[in-house]
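# Examining the three-dimensional arrangement
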Amino acid sequence: MAMSRVRILVVDSYAKASRDGFLDFNMPLAGHLYSDMIKRCPPANAQVETDIVYPADPGFVTPDLKQYDGVAWSGSSFSVYADDLGVKQQIEMAKKCFEEKVPSFGSCWGLQIAAYAVGGHFELNPLGREFGIGRKMSLTPEGRGHPLFTGKKSTFDAFISHSDHVVYIPRTCLNLAGNDHSSVQALSVRKNSTEFWAVQYHPEYTIDYVAKMTLSRVDRLLKLGFFKTEHALRQFAEEWEEIARDPAGSQDLKWKYGIDADVLDDDLREVEPANWVRYVCEQAAFKGLCG
């Protein structure tokens, strides 16, 4: 069987100032982190190519989406209800994905932009920010039967970092998962015979990435009360980096932080994007046969 070639557009949703901040801490940019994950996911008979765009930048123009088989959206520090050009440009791009019938997948901001584009509403979560590991994500009955979660446990933990949450979704959205902090942790957003699969958490994150992100947000995390002192924050980051360096030799630290294969095992953590990439590859192959 010939290997099929699939093109996916990766959306790095951060503003340039935020991207520069990541580089200051030797962190990969969100678009590159996402692109690397997408390229790990295709089935054996498909080859995935990615392009990265930065729609929060001034003067951005959405490329011709018809040349892509799918669009993958990273997280972002924006709020969808903000009066910001970078937000407005991304909302318009999300709407175009539905108009052009291009399937999409997204994390965190990706979920919010997808739902907002079809009439969803978001607010700051009164429970505060969810950071580090989101606990006890539970699939809804719709989630247990949805192809996004094929091969996923019905309850799991995931890396997470967000302050906003869904307060309203239209009937065209299916709530696929939630937990005690946010009742909507995964969605299938449907419009114009097109689906945008999205999760509020971050399958693209790794434990060392979260450690670096913690160090990049010292003042914010201290103010929010996640740590009592800067020393405690830095110890947390150091111990998570130790787990990343030597998972087998860090049983004590994994027990201390309640960390298991849900977030450490790439195959388990990336079930959702892998299922989406497989879906995109199947759709592209079908279009090729019909074309």
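Every value quoted in this text rests on a predicted model; they were computed, and no experiment measured them. Think of each chain on its own: its residues are numbered from 1, step by step along the sequence as written. pLDDT decides what is reported in this predicted model: residues at 70 or higher carry local features, side-chain atom pairs at 80 or more are listed and counted, and totals for whole chains, interfaces and linings draw on all residues regardless. To obtain the side-chain values, all non-hydrogen atoms of the structure were included, while hydrogens and water were left out.

Attention now moves to the overall build of the chain. Think of it this way: any DSSP run of H or I at least four residues long counts as a helix, any run of E at least two long counts as a strand, and we number them from the N terminus. Looking only at helices and strands, the chain features 12 helices and 11 strands. Two things to know: the radius of gyration comes from C-alpha atoms, and the globule rule equals 2.2 Å times the number of residues to the power 0.38. For the chain, whose C-alpha radius of gyration is 18 Å, the value lies close to the compact-globule estimate of 19 Å for 291 residues. With the principal axes as the frame, the chain shows a C-alpha extent of 60 × 45 × 40 Å. Between buried and exposed lies partly exposed: a residue is buried under 20% and exposed over 50% of the maximum accessible area for its type, with that area taken using a 1.4 Å probe on protein chains only. Classification of the 291 residues of the chain by burial places 53% in the buried group. Pairs at least 24 apart in sequence give 73% of the contacts found in the chain among residues at least 6 apart. All accessibility values rest on the Shrake-Rupley procedure with a 1.4 Å probe; residue burial counts only the protein chains present in the view. As displayed, the chain offers around 13,400 Å² of accessible surface, 51% of which is attributable to carbon and sulfur atoms. One finds the centroid of the 32 positive side-chain charges in the chain at a distance of 3 Å from the centroid of its 39 negative side-chain charges. Residues are treated as being in contact if the distance between any of their heavy atoms lies within 4.5 Å. The sign given to each residue is positive for Lys and Arg and negative for Asp and Glu; His and the chain ends receive no count. Charge positions come from single atoms, namely NZ of Lys, CZ of Arg, CG of Asp or CD of Glu.

The term salt bridge refers to a pairing of a side-chain nitrogen on Lys or Arg with a carboxyl oxygen on Asp or Glu at a separation within 4 Å. Enumeration over the complete set of coordinates arrives at 16 salt bridges. Across the pair Asp83 and Lys88 runs a salt bridge whose closest N-O atoms are separated by 2.8 Å. Classification of Lys88 as partly exposed rests on a relative accessible area of 44%. Overlapping salt bridges bring together Arg40, Asp266, Arg269 and Glu270 as one network.

Let us look at the packing of helix 3 (residues 85–99) against helix 4 (residues 109–117). Whenever a helix is involved, its axis is fitted only over the stretch in contact; in every case the axis is a line through C-alpha atoms, and angles between N-to-C directions fall within 0 to 180 degrees. The N-to-C vectors of helix 3 and helix 4 enclose an angle of 70°; their axes lie 9 Å apart at closest approach. It follows from the interaxial angle that helix 3 and helix 4 lie roughly perpendicular. Of the residues in helix 4, those touching helix 3 at Val87, Gln90, Ile91, Ala94, Lys95 and Phe98 are Trp109, Ile113, Ala114, Tyr116 and Ala117. The residue classification treats Ala, Val, Leu, Ile, Met, Phe, Trp, Tyr, Cys and Pro as nonpolar and Asp, Glu, Lys and Arg as charged. All others, Gly included, are polar. Of the residues contributing to the contact of helix 3 with helix 4, the split by class is 9 nonpolar, 1 polar and 1 charged. Roughly parallel means an angle under 35 degrees; roughly antiparallel means over 145; roughly perpendicular covers 65 to 115; every other angle is labelled oblique.

Note that every value here comes from positions in space, so none of it alone points to a role or purpose.
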